[in-house]
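Topology and contacts: notes
Chain by chain, the residues run as shown.
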Amino acid sequence: MKRALIVVLVLFACAAGASQSPSRAAQPPKFVKRIDNPWFPLKPGTTYVYTGRKDGKRGRDVVKVTSRTRKIRGVVCTEVDDRLYLNGYLAERTKDWYAQDSKGNVWYFGEATAELNKAGRVTSREGSWMAGVAGAEQGIFMPARPKVGQSFRQEYYKGHAEDHFAVLSASASTVVPYTASAHALLTKEWTPLEPDVIGHKLYVRGIGLVKEETVKGGDERFELSDVLHK
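Residues numbered from 1 in each chain as written. Predicted model: local features only at pLDDT ≥ 70, side-chain atom pairs only at ≥ 80, totals over all residues. Heavy atoms only, no water.

1. Quick word on the overall build of the chain
Looking only at helices and strands, one finds two helices and 16 strands in the chain. Burial analysis of the chain (230 residues in total) assigns 47% to the buried set. Excluding contacts between residues fewer than 6 apart, the proportion of contacts in the chain whose partners are at least 24 apart in sequence is 45%. (Helix = DSSP H or I, 4+ residues; strand = E, 2+ residues; numbered from the N terminus. Buried < 20%, exposed > 50% of the residue type's maximum accessible area, 1.4 Å probe, protein only. Contact = heavy atoms within 4.5 Å.)

Take a look at the structure:
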């Protein structure tokens, strides 16, 4: 039993990617039911609509925070439904699972993703993973109090899902169809699986993600155009 507890504590400490003292790192996070981190709030019934492009195609990304949950590693996670349409057809559908700890950090516990062709048939499930399965580990998606210079591993499933991010600015300017801000949070996104690709994301406090863009090695750009509340 003691050995199992030590393993769990080490896994959470490694996922956070933080350089803490052994005594502090040994404290496992306690999770809460809600996700109200102001930089990444996930209120059930909320739908975020993004418009833009990917690989030269017109895109519409519909992200819905559902009331469904899934218990992963003993943690009740909120399920988010993400559907990406390219040139009018459903090209990708994903279920993401998130949970927030008592300090306000939002953790990413996994995703089930599928790419589809124009006939609606699944062509790939690459990138799917779940914490605790086949060596996969949860990671921090959004810290409670993001600071410039912080860096975290969002996910880990060796060879399949290894996204990282770093906070570049807490006072970036952005204008998207839905809103505008001079105090947006700017992050740099990358993965060792695609070393030549770099992305940027912008978050607005009280709203969440408002813009994401590949700035090196790709062609993808989406901006928040609407937020719907059920």
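There is more to say after this.
2. Quick word on the pattern of salt bridges
All told, the structure shown has ten salt bridges when counted by the stated rule. Between E223 and K211 there is a salt bridge, with its nearest N and O atoms 3.9 Å apart. Residue E223 is found in strand β16 (residues 220-229), and its partner K211 is found in strand β15 (residues 208-216); the two are separated by twelve residues along the sequence. You'll find E223 and K211 in the same group, each marked buried. Put simply, K211, E213, R221 and E223 are held in one network by salt bridges that share partners. (Salt bridge = Lys/Arg side-chain N within 4 Å of Asp/Glu carboxyl O.)

3. Here's the deal with a positive patch on the surface
A cluster of basic side chains, namely R70, R93, K95 and R125, defines a positive patch on the protein surface. Structurally, the position occupied by R125 is in the loop between β7 (122-124) and β8 (129-130). (Patch = residues over 30% accessible without salt bridge, like charges linked within 9 Å, V, L, I, M, F, W, Y side chains within 5 Å. Areas by Shrake-Rupley, 256 points an atom, 1.4 Å probe, with all protein chains shown as cover. Lys, Arg positive; Asp, Glu negative; His and termini not counted. Charge placed at Lys NZ, Arg CZ, Asp CG, Glu CD.)

4. Notes on the nonpolar core
Of all hydrophobic cores here, the largest spans 48 residues; its most connected members are F40, Y98, F109, Y203 and L224. Not counting residues up to four positions away in its chain, the partners in contact with L224 are Y48, V49, Y50, V176, P177, Y178, I207, L209 and V210. (Core = buried A, V, L, I, M, F, W, Y, C linked by side-chain atoms within 4.5 Å.)

5. Things to note about unusual backbone geometry
The backbone phi angle of R73 is positive, close to 55°, even though this residue is not glycine. Residue placement: R73 occurs in the loop between β3 (57-72) and β4 (75-86).

By themselves, these are just geometric observations and shouldn't be taken as functional.
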